[in-house]
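# Survey of secondary and tertiary structure
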2 protein chains.
Amino acid sequence: MEYYSNEIQKLIDNFASLPGIGRKSAQRLAFHVLNMPKEKVAEFSEALTSARENIRYCSKCFTLTDSEVCPICANKSRDHKTIMVVETVRDLAAYEKTGKYDGVYHVLHGAISPMLGIGPNDIKLKELMVRLSEEDINEVIVATNSSLEGETTAMYISKLIKPTGIKVTRIASGVPVGGDLEYIDEITLLRALEGRTELG
Amino acid sequence: MEYYSNEIQKLIDNFASLPGIGRKSAQRLAFHVLNMPKEKVAEFSEALTSARENIRYCSKCFTLTDSEVCPICANKSRDHKTIMVVETVRDLAAYEKTGKYDGVYHVLHGAISPMLGIGPNDIKLKELMVRLSEEDINEVIVATNSSLEGETTAMYISKLIKPTGIKVTRIASGVPVGGDLEYIDEITLLRALEGRTELG
């Protein structure tokens with residue numbers, strides 16, 4: 001392996017260790033970095049360590065943030081009586097991008113998966129229950145994925161919360177907007193049928 | 001854009017600025033980094049700056065290296081009278097991986113492309129001619145790509161070197177090993193026909 005010098009090889013290895021980046025892409029990225037302005041590389045390098053050093057969980061909703069409480073939980077103009085429960089920070093971001101949800105969130109950091117050995121104690125469920133007992137909450141919207149794990153988690157959460165009397169809802173499952181029925185799986189089609197609503 | 005904190009956003013932006021990495025992948029990579037052990041992140045960060053700071057062109061063949069002369073040019077057991085001319089360092093690496101070439105290289109860092117406004121003076125051609133006049137060279141193997149630009153460059157190099165009396169050869173163009181004739185373009189098929197060799 002004498003064809004790349006040590007430093008380049010190390011950089012390639014680092015890129016290749018990231019998910020979804022193979023050897024070829026890692027090479028391409030490493031060579032791109034070697035041609036980037038030095039300041040840009042320094043900035044990238046700084047962004048890596050600084051994000052890793054300073055990012056932690058929001059003490060309320062467990063999203064990733066660089067302050068004690070995340071901007072969403074700190075925002076007084078949002079509806080703090082509605083909590084949307086999501087699996088990951090990316091799911092939170094997806095709903096935030098719609099710009100139409102003004103409640104707050106709770107990030108589970110995973111979903112219950114007996115297959116992968118992930119139980120209720122491995123995700124931020126206890127923390128959700130603590131919030132429900134301490135805060136004044138009207139509704140919990142369960143927005144876990146529409147996968148086996150997501151559904152299992154939704155059911156579990158619903159059973160856990162029901163006794164407290166707090167309203168628990170689940171986001172609708174059905175045909176995606178713009179979706180072509182022909183290409184949609186049967187379970188989704190059945191869900192869409194079950195969830196049908198009356199036309200005005 | 002309040003849904004990601006500043007530090008995460010900066011990291012995502014940095015990843016997204018790399019070639020072939022879109023917003024979604026950049027997000028995925030950034031979150032992966034946040035879950036990596038701190039030492040791994042520090043190592044990655046260090047690899048970025050250190051590669052960018054210390055890597056330069058080999059003073060002989062212009063490949064990227066962290067020393068004055070690259071390991072290949074410094075290797076006395078290689079054949080220094082045969083130079084393979086390639087467009088990029090990755091092409092050099094591709095030939096090195098075969099393990100069967102024991103000459104040295106010359107990296108052009110590009111190919112002549114009137115379309116993109118890249119002329120003979122924009123690639124390391126002058127440097128090749130200097131080497132040919134200063135060193136004792138038997139053969140120059142032109143291994144530029146089999147693209148329009150690569151072929152143009154090969155022709156140009158051949159015309160430039162012919163008067164010096166040094167042997168100039170071109171790597172063969174044809175059907176890739178394992179290739180299915182049915183799926184190969186006509187020009188390649190014609191090249192393969194032209195380049196046919198007699199069977200023992």
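Keep in mind it's a predicted model, so treat the numbers as computed, not measured.

Conventions used here
- Residues numbered from 1 in each chain as written.
- Chains lettered and ligands numbered in written order.
- Predicted model: local features only at pLDDT ≥ 70, side-chain atom pairs only at ≥ 80, totals over all residues.
- Heavy atoms only, no water.
- Axes fitted to C-alpha atoms, helices over the stretch in contact; angles between N-to-C directions.
- Helix = DSSP H or I, 4+ residues; strand = E, 2+ residues; numbered from the N terminus.
- Parallel < 35°, antiparallel > 145°, perpendicular 65-115°, else oblique.
- Left-handed = near helix turned anticlockwise from the far one by under 90°.
- Contact = heavy atoms within 4.5 Å.
- Nonpolar A, V, L, I, M, F, W, Y, C, P; charged D, E, K, R; others polar.
- Phe/Tyr/Trp six-rings, centres within 6.5 Å; stacked < 30°, edge-to-face > 60°.
- Buried < 20%, exposed > 50% of the residue type's maximum accessible area, 1.4 Å probe, protein only.
- Pairing = 2+ DSSP bridges.
- Least-squares fit on C-alpha atoms with pLDDT ≥ 70 in both.
- Expected span 1.5 Å × (residues − 1).
- Arc of directions from axis to C-beta.

## Concerning the packing of helix α2 (residues 23-34) of chain A against helix α5 (residues 89-98) of chain B
In helix packing, the relevant descriptors are the interaxial angle and the interaxial distance, both defined with respect to the helix axes. In contact at an axis separation of 11 Å, α2 of chain A and α5 of chain B are set at 140° when each is read in the N-to-C sense. By the angle between their directions, the pair α2 of chain A and α5 of chain B is classed as oblique. Like other packed secondary-structure pairs, α2 of chain A and α5 of chain B cross with a definite hand, here right-handed. Where α2 of chain A abuts α5 of chain B, its residues Q27, R28 and F31 of chain A lie against V89, R90 and K97 of chain B. For the contact of α2 of chain A with α5 of chain B, the per-class residue count stands at 2 nonpolar, 1 polar and 3 charged.

## What to know about the packing of aromatic side chains
Throughout the structure, instances matching the rule amount to 6 aromatic pairs over all chains. Between the aromatic rings of F15 of chain A and F44 of chain B, the centroid separation amounts to 5.2 Å while the plane-to-plane angle is 85°, which identifies the pairing as edge-to-face. Taken as a pair, F15 of chain A in helix α1 (residues 6-16) and F44 of chain B in helix α3 (residues 38-54) lie in two separate chains rather than in one. For the pair F15 of chain A and F44 of chain B, one class covers both residues: buried.

## Here's the deal with the sheet that holds strand β5 (residues 139-142) of chain B
Pairing between sheet strands relies on hydrogen bonds along the backbone, with the strands arranged either parallel or antiparallel. Residues and elements named next belong to chain B. Spatially, β4-β3-β5-β6 is the arrangement adopted by the 4 strands of the open sheet, whose pairing is parallel. Of all the strands in the sheet, just β4 (103-107) and β6 (167-170) have a single pairing partner and so form its edges. Within this sheet the neighbouring strands show an average axis-to-axis angle of 25°, counted without direction. Strands in contact with α5 are β3 (79-86) and β4; relative to β4, the strand with the most contacts, it is inclined by about 160°. Most of the contacts of helix α6 (residues 125-134) go to β4, to which it runs at about 145°, and overall it touches β3, β4 and β5.

## Regarding the environment of V107 of chain A
Residues and elements named next belong to chain A. Position of V107 among the secondary structure elements: in strand β4 (residues 103-107). For V107, a relative accessible area of 0% translates into the label buried. Separated by 18 residues in sequence, V107 and V89 have C-alpha atoms that sit 6.5 Å apart. Other than its neighbours up to four places away in sequence, V107 contacts C61, F62, T63, V86, E87, T88, V89, L92 and K124.

## Things to note about the relation of the copies chain B and chain A
Of the two same-sequence chains, chain B is brought onto chain A (RMSD 0.0 Å, axial shift 0.0 Å) by a rotation of 180°. The symmetry that links the two subunits is that of a two-fold axis. Of the C-alpha atoms belonging to chain B, the one lying closest to the rotation axis is found on S45 of chain B, 2.2 Å away. When you check the interface residues of chain B against chain A, 100% turn up at the interface there too, and the contact is symmetric in its surfaces.

## So, helix α7 (residues 148-161) of chain A
Residue and element names in this part refer to chain A. An ideal rise of 1.5 Å per residue puts 20 Å on 14 residues; α7 measures up with 20 Å between its terminal C-alpha atoms. Among the residues of α7, those classed as buried are G150, T153, A154, I157, S158 and I161. Considered in projection along α7, the buried side chains sweep an arc of 135° and stay on one side of the axis. Counted as exposed and oriented over 90 degrees from the buried face of α7: L148, M155 and K159. On its buried side, α7 packs onto β3 (79-86), α6 (125-134), β5 (139-142) and β6 (167-170).

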